[in-house]
Amino acid sequence: MAEQMSVDAPPPTAPTAATGVHYDFQDAQSGDLGALAAIADAMKSDSLADRLESLKRLGVLALAMGEERTRDELIPFLDESIDDEDELLLSLAEVLGDFVQYVGGPKYAYVLLRPLENLAAAEETAVESINKLVDVMDQPQVEEFLIPSIARLSSGEWFTSRSSAAGLYAAAYGKVTDAIQSKLRAGYEALCKDETPMIRRAAAANLEGLVGRIEKDHVVTFAIPNFRRLAGDDQDSVRLLTVEPLVAITKRLDTEECRSLLGESVQRLCGDKSWRVRYMVADHFVAVATNIKDRGLQEELVNVAIALMHDNEAEVRGAICTQLDGLADLAPPEAIVARLQGPLQELVDDPSQHVRATLAKHIGALCRVFGKDGTIEHLLPLLLRLLKDTFPDVRLNIISKLDVVDRVVGIDSLSQSLLPAIVELAEDKQWRVRLAIIEYVPLIASQLGVHFFDEQLSNLCMSWLGDPVYSIREAATTNLKKLTEVFGVDWARSTIIPKILAMATHPNYLYRMTTIFAITTIAPSVTPEIVRDLILPSLEGLVNDPIPNIRFNVAKSMEPLTAALRRSPDTAPLEASIIRPTLARLEEDSDPDVRFFAHRSLLAIDSQAAAAVAV
């Protein structure tokens, strides 16, 4: 085999595997023959790391050998070299799936089937690579090479072989004659009846793909009988995998067929004794119910959904909560409102914090069905209870979805019922909850108006600037910029900016630092005159701050302030009279970081000036 795998020039003296020499692949990309020989030798090394590395460079070796020699020598060598190292098998399967270009293109894709078939007999991950080949193979290749391969894998002794075969039927089905399709259906049915649970699991997992390829008549005569067989399996690991095929089958049937052929099976799965099966049903509940199309059966399924909300397992209750939006469309609004009130009350007090968090994330979707009056009467009290939940994720999920509630009930109702709780959460010990409140404040402010904001929320927004968590302080400065855009520059000048600048003399350096961050952030949103009259004088006082971090942040702030001053001819001269002298002074600071940032700001200002002149 060593002679068979030789490259076009003799390699340097190849060390034996026993010497443990590390192979150098660095020159392989350029086609260096010694490096190519190293790849070939490494493929036979005892070192797993060397063999894995050689597989990554296999394309380079194939290019050097040429398409014909790759087909005649390299691929047979790989086929004969397959061992039992899982990591190596996985890597080789992935490589071969993208190897068509090296063997001569799609007309020679079949060459790769043999090693991949051998890999599939031991490693199911090879299935994906074989299916890639099927995409580029024509019908004669599929019938001559792939179909016999599927037959061999389907009758293999090891369960991995038959499991892999289950993943190949769907890709092959659309590229063969009717007669061969009939054989494929028979072969797949045999896998569905296999005595090994692992094989039946594979058949259930891949049935969905096959359902999408077969003709409508065969959905009824082939897919549904096998679905029923698998859905009634004694192994819950098989039954839970039939939910996705069920969704695919319902898409192919009309209303009456869904009711007559699937109604009983759906009911049985929904009440399955295994919570894992019920979880899968709950997780796909709306998809199944919507595809069934029969309104009467859909309304019956609402009762099933309510039963799942009372399930003993928290995972099942959480999964059905994710379906609330689609669930609301399965029955008339008045019926949904009447039937969900009780279960929702219980879910709000669910002992599982995961269930409550999931409910909090999705309950807002029901507002459109409950309507304004129904939401105010029935849902807002539930939202308020969730806002006061002891688990932070519950509170966070409610806050992040308040805009959905706002669109239905209006900000007035929302503020009267929920705003006190929101203000309370603004001081929550969990910083992510505080962050979510900050991000929601501009929306509240734009709806409630400046007067309400100044009375209820202004001091709150300023308090965030002194928060011990940096992310909160950063978000608070961005929040002030957005509020300036909402309420206008005059409001900012009289209300917010004086409070920000007052912190410039605070004894705690973090407050002084936040002052710099805040005015730098809002500078683009205010007028150049405000920068001149209010902001620059405060910054000049911080130039001599004893803390170096303050001084170098002053230096950094000069760049955006210069851009703001240049917007007006009245303030542009301040660049020369104040900005540049200040930065020049900071360039001579005793601290190296201050000097660095001062110099960088000067360079940036010069660059901006040059760009402006060029324009």
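If you're wondering where the values come from, they're calculated on a predicted model, not measured in any experiment.

Draft legend 1. Quick peek at the overall build of the chain. The helix and strand inventory of the chain stands at 36 helices and zero strands. The C-alpha atoms of the chain give 34 Å as radius of gyration, which overshoots the globular expectation for 615 residues (25 Å, by more than 25%). Projected onto its principal axes, the C-alpha positions of the chain cover 85 × 80 × 45 Å. Taking all 615 residues of the chain together, 52% fall into the buried category. In the chain, once contacts between residues fewer than 6 apart in sequence are set aside, the share between residues at least 24 apart is 69%. Total accessible area computed for the chain in this model is approximately 27,200 Å², and 51% of it derives from carbon and sulfur atoms. The positive charge centre, built from 60 side chains, and the negative charge centre, built from 90, are 4 Å apart in the chain.

Draft legend 2. Layout of the pattern of salt bridges. Counting across every chain of the model gives 27 salt bridges. Glu 485 serves as the salt-bridge partner of Lys 481, at 2.8 Å between the closest nitrogen and oxygen. With Lys 481 and Glu 485 both in helix α30 (residues 470-487) and four residues apart, this pair spans about one turn of that helix. Residue class for Lys 481 comes out partly exposed when judged on its relative accessible area of 24%.

Draft legend 3. The arrangement of the environment of Pro 381 in detail. Counting through the fold element by element, Pro 381 comes out in helix α24 (residues 367-387). Taking C-alpha positions, Pro 381 is 8.1 Å from Ser 417, a pair spaced 36 residues apart along the chain. For Pro 381, the contacting residues outside a window of four places in its chain are Thr 375 and Ile 376.

Draft legend 4. Here's a closer look at empty space enclosed by the protein. In total, this model carries one cavity of 30 Å³ or more according to the counting rule given. Approximately 60 Å³ is the volume attributed to the largest cavity. Lining the largest cavity, in full, are Val 243, Leu 246, Val 266, Leu 269, Cys 270, Val 281, Phe 285, Val 288, Ala 289 and Leu 301. Going through the elements one at a time, α15 (243-252), α16 (255-270) and α18 (285-292) are the ones with two or more residues in the lining of the largest cavity. Residues that form the lining of the largest cavity fall into these classes: ten nonpolar, no polar and no charged.

Draft legend 5. Local environment of the side chain of Arg 71. By secondary structure assignment, the location of Arg 71 is in helix α4 (residues 67-80). For the buried residue Arg 71, which engages in no salt bridge, the nearest side chain bearing the opposite charge is Glu 67, 4.6 Å off. Apart from the residues within four sequence positions on either side, Arg 71 is in contact with Pro 76, Val 103, Gly 104, Tyr 108 and Val 111.

Draft legend 6. Quick look at the packing of helix α34 (residues 548-565) against helix α35 (residues 574-586). Relative orientation of the contacting elements α34 and α35 amounts to 160°, with a least axis distance of 10 Å. As the angle between them shows, α34 and α35 are arranged roughly antiparallel. The two elements α34 and α35 cross, and the hand of that crossing is left-handed. Residue-level inspection shows Arg 551, Val 554, Ala 555, Met 558, Thr 562 and Leu 565 of α34 in contact with α35, the latter providing Leu 574, Glu 575, Ile 579, Thr 582, Leu 583 and Leu 586. Of the residues belonging to the contact of α34 with α35, the class tally is eight nonpolar, two polar and two charged.

Calculation rules
- Residues numbered from 1 in each chain as written.
- Predicted model: local features only at pLDDT ≥ 70, side-chain atom pairs only at ≥ 80, totals over all residues.
- Heavy atoms only, no water.
- Helix = DSSP H or I, 4+ residues; strand = E, 2+ residues; numbered from the N terminus.
- Rg over C-alpha atoms; globule rule 2.2 N^0.38 Å.
- Buried < 20%, exposed > 50% of the residue type's maximum accessible area, 1.4 Å probe, protein only.
- Contact = heavy atoms within 4.5 Å.
- Areas by Shrake-Rupley, 256 points an atom, 1.4 Å probe, with all protein chains shown as cover.
- Lys, Arg positive; Asp, Glu negative; His and termini not counted.
- Charge placed at Lys NZ, Arg CZ, Asp CG, Glu CD.
- Salt bridge = Lys/Arg side-chain N within 4 Å of Asp/Glu carboxyl O.
- 1 Å grid on protein atoms, 1.4 Å probe; cavity = no way out; pocket = protein on both sides within 12 Å on 5 of 7 lines; lining within 4 Å.
- Points joined across faces, edges and corners; volume = space filled by probe spheres on them.
- Nonpolar A, V, L, I, M, F, W, Y, C, P; charged D, E, K, R; others polar.
- Axes fitted to C-alpha atoms, helices over the stretch in contact; angles between N-to-C directions.
- Parallel < 35°, antiparallel > 145°, perpendicular 65-115°, else oblique.
- Left-handed = near helix turned anticlockwise from the far one by under 90°.

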